[in-house]
Amino acid sequence: MEFVTYEVQDRVGIITISREKALNALNSQVLDELSQAFDGVDQNEIRCLILTGAGEKSFVAGADIGEMSTLTKAEGEAFGKKGNDVFRKIETFPIPVIAAVNGFALGGGCEISMSCDIRICSENAVFGQPEVGLGITPGFGGTQRLARLVSPGMAKQLIYTARNIKADEAYRIGLVNQLVKAETNEAGEVTVSAKDALMAAALKMAKCIAANAPIAVRNCKKAINDGLQVDMDKAIVIEEKLFGDCFETEDQKAGMANFLEKDKEKKLKVVPFKNK
Ligand code: CAA
């Protein structure tokens, strides 16, 4: 693939959007390659994914404005669907996905981060939905996910004003889970860059997730995602079924036996998803 790379560290997969010359903007090819990258993840081995952008400056600076500039109404709708299909694949991917946001996360960049389960950003991150300044609406889920993630009022303010916000404000309004700063020594010199510190924090969180029972983690993601789409009476039934499913797993037997034996040294015995 030309614009997307994939690497594995232990049981964590790292997908990187790598089109630095255009600040990792999403054109059709990048969207296709992202879709292929997710399709290629070995779901029996990988327990958590990290999605990031190449370089220090930009996570993703949005959908490709050059490509969009000549679209007709029907083509615009089709382009929106193309992005939405990929982002929905990420959102419903069985394994948790952490967005490690380095720099600009504008338009489609903010939107792709919101399709991930968790957002961690570096202190130079900038979030925003600048679309109305370009004469369009957010088109890859921004009107829906921002309103659900922060609040309808805050989403409306950010979208109507097209105002970009810095990392600390994104953290304050709950758009990001964690803000990571570059490390400095006593002289104030940078010893670990913002990007390296961000990736270390994302990997630490991903490995923490990967150490837990994978079927239980997947069932938690499904319970939260599916439950949020329905009323509470239906939502708790979704939870009950996924909770019940766990009692067919070796992880549940091993995890509870370890507790009852008071053997703190024993690691949870985790089984591949396909053995469920
Ligand atoms: N699409 C295409 N190319 C882009 C791009 C985008 N979204 N964002 C940046 N680039 C390109 C620039 O055209 C430039 O290319 P050239 O070197 O060939 O001229 C290169 O990336 C570097 O960008 P700048 O020179 O502009 O860098 P800067 O540091 O001066 O500014 C920036 C950075 C503030 C992010 C600025 O590039 C910018 O405002 N980008 C557009 C951001 C935006 O509006 N995103 C939303 C797009 S619409 C959308 O995403 C719709 C949707 O919901 C689906």
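Bear in mind the structure is a predicted one, so any value in this text is a computation, not a measurement.

Procedures and definitions
- Residues numbered from 1 in each chain as written.
- Predicted model: local features only at pLDDT ≥ 70, side-chain atom pairs only at ≥ 80, totals over all residues.
- Heavy atoms only, no water.
- Core = buried A, V, L, I, M, F, W, Y, C linked by side-chain atoms within 4.5 Å.
- Buried < 20%, exposed > 50% of the residue type's maximum accessible area, 1.4 Å probe, protein only.
- Helix = DSSP H or I, 4+ residues; strand = E, 2+ residues; numbered from the N terminus.
- Contact = heavy atoms within 4.5 Å.
- Salt bridge = Lys/Arg side-chain N within 4 Å of Asp/Glu carboxyl O.
- Pairing = 2+ DSSP bridges.
- Axes fitted to C-alpha atoms, helices over the stretch in contact; angles between N-to-C directions.

Chemist: What is the right way to read the nonpolar core from this model?
Modeler: Considering soluble globular proteins, one finds that nonpolar side chains tend to be buried as a cluster. Of all hydrophobic cores here, the largest spans 47 residues; its most connected members are Ile 15, Leu 26, Leu 34, Leu 51, Ile 112, Phe 127 and Leu 175. At five residues, helix 1 (residues 28-39) tops the list of elements feeding residues into this core. The contacts of Leu 175, once residues within four sequence positions are left out, are Cys 110, Met 114, Arg 119, Phe 127, Leu 146, Leu 149, Val 150 and Ala 170. Core analysis: the second largest hydrophobic core is formed by 18 residues, Ile 14, Leu 198, Met 199 and Ile 209 among them.

Chemist: I'm lost on helix 11 (residues 250-260) in this one. Help?
Modeler: Since the α-helix advances by 3.6 residues per turn, residues separated by three or four positions end up pointing in the same direction. Three or more residues of helix 11 are buried, namely Asp 251, Gln 252, Ala 254 and Asn 258. Residues of helix 11 that are buried sit in contact with helix 9 (214-227) and helix 10 (232-246). Immediately beyond the C-terminal end of helix 11, within one or two residues, lies Lys 262, with a positive phi of roughly 55°.

Chemist: Mind showing me how you'd approach the pattern of salt bridges here?
Modeler: Oppositely charged side chains are able to pair whenever their charged atoms sit close together. One pass over the structure, following the stated rule, counts 13 salt bridges. As a salt-bridge pair, Lys 221 and Asp 117 come within 2.9 Å of each other at their nearest N and O atoms. Of this pair, Lys 221 sits in helix 9 while Asp 117 sits in the loop between helix 4 (108-114) and strand 7 (118-122); the two residues are 104 residues apart in sequence, bridging distant segments of the chain. Of the residues examined, Lys 221 reaches a relative accessible area of 7% and is grouped as buried. For the salt bridge of Asp 231 with Lys 234, the shortest nitrogen-to-oxygen distance reads 3.6 Å. What makes Asp 231 partly exposed here is its relative accessible area of 40%.

Chemist: I would appreciate a short explanation of the sheet that holds strand 10 (residues 178-180) in the present structure.
Modeler: For sheets, the rule is that strands pair by backbone hydrogen bonds, running either parallel or antiparallel. Ordered in space as 1-2-3-5-7-10, the six strands form an open sheet in which the pairing is mixed. The outermost strands of the open sheet, each flanked by one partner alone, are strand 1 (4-9) and strand 10. The average undirected angle you get between the axes of adjacent strands in this sheet is 20°. Where helix 1 meets the sheet, its contacts fall on strand 1, strand 2 (12-17), strand 3 (48-53) and strand 5 (97-101), and the angle it forms with strand 2 comes to roughly 175°.

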